[in-house]
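If you want the building blocks of each chain, they are given just below.
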Amino acid sequence: DAGVIQSPRHEVTEMGQEVTLRCKPISGHDYLFWYRQTMMRGLELLIYFNNNVPIDDSGMPEDRFSAKMPNASFSTLKIQPSEPRDSAVYFCASSLAGKPNQETQYFGPGTRLLVL
Amino acid sequence: AQSVSQHNHHVILSEAASLELGCNYSYGGTVNLFWYVQYPGQHLQLLLKYFSGDPLVKGIKGFEAEFIKSKFSFNLRKPSVQWSDTAEYFCAVNAQAGTALIFGKGTTLSVSS
């Protein structure tokens, strides 16, 4: 299996620009998570989907952030407009809720975002 | 709200030394517990996990962890570290399948050869 695929791996942009991060989950997985990693706050959930439906978006910082999952094999996280404080590593993870209460999240390589 | 505490921010060891990284969580109910490792410049990889059963779980690369319910702890251990174990280690929990992981702040392990 190819694992969780994220693109781009690195993104450098200027403040005010729109940024789109992409994620392809592991085939067959029904959960998809977006996390953000910063030095100050560590790893935090932004949003997650189950069967393409957003379940919890309480971690999305503000209206500048939006996420979609149009189908089971693709999700996007968009920041518009971007700000320097959005600089972080954004991870996508996917999982399959198999046995009751047994589920493991597998992480992608992350997108390292730098907003100048 | 759930939270995870990792007591050691940075641990420095020589090769062949034994390792124990502490992890405590706050949640009153049943939890799933995980340790992930992040090698420099790489993504998070699962080291081991605990759902139920034997509280001593073994993972990849010779790591193990013990779940002590009475202490709300899930400490990671390795009897003899190698230089290649240099990485950041994250403890994580969730209360049920299909929910977000709550991560600790991470522990950076530096192993000198």
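Residues numbered from 1 in each chain as written. Chains lettered and ligands numbered in written order. Predicted model: local features only at pLDDT ≥ 70, side-chain atom pairs only at ≥ 80, totals over all residues. Heavy atoms only, no water.

Colleague: Looking at this structure, how should I read the packing of aromatic side chains?
Modeller: Each pair of aromatic rings is reported with the distance of its centres and the angle of its planes. Tallied over the full model, the rule gives 18 aromatic pairs over all chains. Geometrically, the ring pair formed by Phe 33 of chain A and Tyr 48 of chain A is stacked, given 4.9 Å between the ring centres and 25° between the ring planes. Note that Phe 33 of chain A is positioned in strand β4 (residues 31-38) and Tyr 48 of chain A in strand β5 (residues 42-50), a separation of 15 residues in sequence. Tyr 48 of chain A shares its class with Phe 33 of chain A; the two are buried. Centroid distance Tyr 25 of chain B to Phe 72 of chain B: 5.6 Å. Interplanar angle 70°. Geometry classified as edge-to-face. Of this pair, Tyr 25 of chain B sits in strand β4 (residues 24-26) while Phe 72 of chain B sits in the loop between β8 (64-68) and β9 (73-78), and the two are 47 residues apart along the sequence. On the basis of relative accessible area, Phe 72 of chain B is assigned to the partly exposed category, the value being 35%. (Phe/Tyr/Trp six-rings, centres within 6.5 Å; stacked < 30°, edge-to-face > 60°. Helix = DSSP H or I, 4+ residues; strand = E, 2+ residues; numbered from the N terminus. Buried < 20%, exposed > 50% of the residue type's maximum accessible area, 1.4 Å probe, protein only.)

Colleague: Would you explain the sheet that holds strand β3 (residues 19-24) of chain A in this entry?
Modeller: The strands that make up a sheet pair up through hydrogen bonds in the backbone, lying either parallel or antiparallel. All names here are of chain A. The sheet built from four strands is open, its strands ordered β1-β3-β8-β7 with antiparallel pairing. Pairing within the sheet leaves two strands with one partner each, and these edge strands are β1 (5-7) and β7 (65-71). Averaged over neighbouring strand pairs, the angle between their axes works out to 15° when direction is ignored. With five bridges joining them, β3 and strand β8 (residues 74-79) adopt antiparallel strand pairing. Paired with Thr 20 across the bridge in β8 is Lys 78. (Pairing = 2+ DSSP bridges. Axes fitted to C-alpha atoms, helices over the stretch in contact; angles between N-to-C directions.)

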